[in-house]
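# Descriptive structure summary
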Amino acid sequence: MTPRVRASISPTVGTAGEYGTWVVRCIVEEGEIGAGDTIAVALPNTWHAWQRNSAKGVHSLDPKQPNFVSARASRKNVAILCTVPGGSTDEFEKATREALVGPPNRCAYHTEVTVTQGTLQAGDWIDVTYGNTSGGSPGFTAALHPNGPENVRIAVLPAGADAERVLLPVAESPFLLTVAGAPVEVAAYAPSHARVGVEAACHVVALDSWQNPATDTRLRFTVTVVAGRAQCPKTVTLNPESGTCVVPFTPTAPGVVRLMVTSLTETNAPCDRIGANGGNELGINGEDTCGTDGEGTFTAVSNPILCAEELLREQVFWGDLHSHARRSFDATGDLSFHYARDVARLDFYALTDHVEGLSDEMWQEIRLASQDWYDPGRFATILGYEATFPAPWAHHNVYFRDDDDVRIGRHNGTVQDLWRQLMPGQAMTIPHHTGVRFSPKASNLPGGTGPNIDWQFANDAFRRVVEVYSGHGLSEYYDPDHPLAYQHCDFSLNDSAVGAHYVQDGWLTGQRMGTICSSDNHQAQPGRRQTGLAAVWTPALTRKGIFDSIHNRQTYGTTGARILLKAWVNDTFMGQETASGNGVSVRVWAVGTGNIAWIEILRGDLDAQRFDVVYRREPEAAEAAFSWDDPEPVANALYYVRLRQEEPVAGRVVQAWSSPVWVVQSQEKEV
């Protein structure tokens, strides 16, 4: 008789990232499980995801180490062997594993309990304990991020090479639920533009230590206008079901408005330590320095809101064009669209799972999700994927203006093959982490030790912008000592490859690429506040509006802070081209989320093949506007602006990079 089991798990809930112990009980209902037969148990992949874009080491090797797994049988004369195939006590694991259910995945561990002696009969059970602490282990960490109820999968693997496994149906499988931890910080996200006299909304979210919305949290906030003029309620209350709340506000005069929320406790009074015009003097840092003040309360200052009698024809919107979820071999999670819109409060978003592992069904799921979440004027979604080409082509994200089904990656072509299949004006390919060198722990990733780009393979029709920074780190130029270099970011275990693989190197070949930043998040949390955002100046928050403005290089990128930035050369806006011959005048306007430490103008001399910082200003304020005339302009050049703020966010310096303006000899501008 084919053995049949039923299963349960206790407890059924875990707190994000916290240690605990979970016991999966598998009870034999029918038949027998004898010598050589195996019961296999797989927790959800999210429960194996870990920091540094890795899986955690799950194992049955050392009872003193974290994430130790053990098993025991109810019948005394039955001997069992508990193993975790591919298990390791290392903290960070980057090997792709075969899954008990579903495609291979970096986080696809399962535990096998094999009967080596005796027989389990109906009513007998095996307990698989995740986080057995009896030998000194601190336990097993719950998933880092809530993902709704997720099934624990169980299978019986009978002895014999030809035997078929018996998989417990989903409907009969127990499930685990991850809940957010206690709040450790608060963020306040406001639109970057608002009209005088028209109500707008600033969104407040309480976050736990893994940047999950801290649900089941009861907080009340005072609201203060710390810059500019606006009307708003005196207090707002967090919704404990979502961990968020809304601050309605109405600007009453043109200018830059900033709002501050401060949590109230029974022992502290409303915070009045910042006056109506005191923001800049106190070094505000916007949504990026939310945290606890000296009295143990939470405070957050919104990003700057540019208020005017009439909205500008083109406004800046914020998005993440590069992130992953469960359909990627190295990622987990299902709720990326929700996180993008409702937690990170992005204006636009693209899910870019690896095309190499996308089945037709998976691709259709992504296309439908992109359609379902599209809400013109509120949340623009763009259909895309990542093609992980190896060197010399580099990883590229592919985006479609409408919808398309051209799917080319390292499994079926090169970036040149991809370009030949795409329609000009209807698709874009954006390279990223062009100079990364993957660590030995990641040696089985596509691209081997690094997907480092050779810029001789160029196509200005499709490669319109480049990702200058992501969670991995900086791709602007080779500098292993830079605080944002790959080796100094805690996103992964990588470092910087020596060679002409960086954005400045690409510009010096003459390629016309604007700049964006994005997160490359691998746990369905796009838009995290220190891992990169794309800023787009566009007249319409629609799919076509965002796509066309990126195609026109009306973009810039930041490490995540919603800094307002514009740059012109000879009154030509960034991303475009102007003619040389009458001198070069650079104009810059910037409004930071905190005080700006410095702003630099860089010139790329295309004839001399070099970049120089030709001007530097140290505003020591949150706003700056100035012009600078190049005393020694060159005939063929490009100019771009970068800035850094005084205070870091989550341990990373805060920077922004404009798209360049190209200064050329020809009087004929690019079409």
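Residues numbered from 1 in each chain as written. Predicted model: local features only at pLDDT ≥ 70, side-chain atom pairs only at ≥ 80, totals over all residues. Heavy atoms only, no water.

### Describing the overall build of the protein chain
Counting its regular elements, the protein chain contains 5 helices and 49 strands. For the protein chain, the C-alpha radius of gyration of 27 Å lies close to 26 Å, the compact-globule estimate for 671 residues. Principal axes of the C-alpha set define a box for the protein chain whose edges measure 90 × 65 × 40 Å. Of all 671 residues assigned to the protein chain, the portion counted as buried reaches 61%. (Helix = DSSP H or I, 4+ residues; strand = E, 2+ residues; numbered from the N terminus. Rg over C-alpha atoms; globule rule 2.2 N^0.38 Å. Buried < 20%, exposed > 50% of the residue type's maximum accessible area, 1.4 Å probe, protein only.)

### Remarks on the packing of aromatic side chains
Across all of its chains, the model carries 17 aromatic pairs by this definition. Their ring planes at 55 degrees and their centres at 4.8 Å tell us that tryptophan 507 and tyrosine 640 sit as a pair that is tilted. Of the two residues, tryptophan 507 is situated in helix H4 (residues 503-508) and tyrosine 640 in strand S47 (residues 637-645); the sequence distance between them amounts to 133 residues. By the burial criterion, tryptophan 507 is buried, and tyrosine 640 matches it. In textbook terms, an aromatic cluster arises when at least three aromatic residues are bridged by ring pairs, as seen for Phe337, Tyr349 and Trp373. Here the guanidinium or amino end of arginine 25 rests over the ring plane of tryptophan 125, the centre of that ring lying 3.8 Å away. One residue, lysine 56, lies across the ring of phenylalanine 140, its end atom 4.0 Å from the ring centre. (Phe/Tyr/Trp six-rings, centres within 6.5 Å; stacked < 30°, edge-to-face > 60°. Lys NZ or Arg CZ within 6 Å of the ring centre and 35° of its normal.)

### Here's the deal with the side chain of aspartate 347
Looking at the secondary structure, you find aspartate 347 in the loop between helix H1 (336-343) and strand S29 (348-349). An unpaired buried charge is present at aspartate 347: no salt bridge exists, and arginine 378, the closest side chain of opposite charge, is 4.8 Å distant. (Lys, Arg positive; Asp, Glu negative; His and termini not counted. Salt bridge = Lys/Arg side-chain N within 4 Å of Asp/Glu carboxyl O.)

### Some details on the pattern of salt bridges
According to the stated counting rule, one finds 32 salt bridges in the structure shown. With its nearest N and O atoms 2.5 Å apart, the salt bridge here joins aspartate 334 to arginine 326. The partly exposed category is assigned to aspartate 334, whose relative accessible area is 39%. Residue classification places arginine 326 among the partly exposed positions, given a relative accessible area of 36%.

### So, the environment of threonine 21
Along the polypeptide, threonine 21 turns up in the loop between strand S3 (19-20) and strand S4 (22-30). Judged by relative accessible area, threonine 21 falls into the partly exposed class, the value being 33%. Between the alpha carbons of threonine 21 and phenylalanine 140 there is a distance of 6.0 Å; along the sequence they are 119 residues apart. Those residues within four positions of threonine 21 in sequence are excluded, and the remaining contacts are Ser10, Pro11, Thr129, Tyr130, Gly131 and Thr133. Of the polar contacts made by the side chain of threonine 21, one reaches the backbone oxygen of glycine 131; its length is 2.7 Å. (Contact = heavy atoms within 4.5 Å. Polar contact = N/O pair within 3.5 Å; in protein donor to acceptor, adjacent residues only side chain to side chain.)

### What to know about the sheet that holds strand S13 (residues 150-151)
Taken in spatial order, the 3 strands of this open sheet run S2-S16-S13, and their pairing is mixed. The open sheet has two edge strands, strand S2 (13-15) and S13, and neither has a second partner. Of the pairings in the sheet, the one linking S2 to strand S16 (residues 175-179) comprises 3 bridges and is parallel in character. Note on S16: the bridge partner recorded for glycine 14 is threonine 178. (Pairing = 2+ DSSP bridges.)

### Considering the pairing of strand S11 (residues 125-130)
With 6 of 6 residues buried, S11 lies mostly within the body of the structure. Burial along S11 is two-sided: Trp125, Asp127 and Thr129 and Ile126, Val128 and Tyr130, pointing in opposite directions, are all buried.

### A word on the nonpolar core
Of all hydrophobic cores here, the largest spans 75 residues; its most connected members are Tyr385, Phe400, Tyr556, Ile599, Ile601 and Tyr639. Sort the elements by how many residues they give to this core and strand S44 (residues 585-605) lands first, with 7 residues. Core analysis: the next-biggest nonpolar cluster, separate from the first, contains 36 residues, Val5, Val84, Leu120 and Leu176 among them. (Core = buried A, V, L, I, M, F, W, Y, C linked by side-chain atoms within 4.5 Å.)

### Some remarks on the sheet that holds strand S38 (residues 514-517)
Spatially, S36-S35-S38 is the arrangement adopted by the 3 strands of the open sheet, whose pairing is mixed. Since the sheet does not close on itself, it has two edges, and those belong to strand S36 (473-474) and S38, each with one partner. Note that strand S35 (residues 465-470) and S38 share 4 bridges and pair parallel. Within the sheet, the bridge partner assigned to glutamate 467 lies in S38 and is isoleucine 516.

### Some words on the side chain of threonine 558
Mapped onto the elements of the fold, threonine 558 is located in strand S40 (residues 555-558). Looking at threonine 558, the relative accessible area reads 0%, which means it is buried. Once you skip the residues sitting within four places of it in the chain, threonine 558 turns out to touch Trp318, Tyr469, Cys517, Gly532, Leu533, Ile563, Gln655, Ala656 and Trp657.

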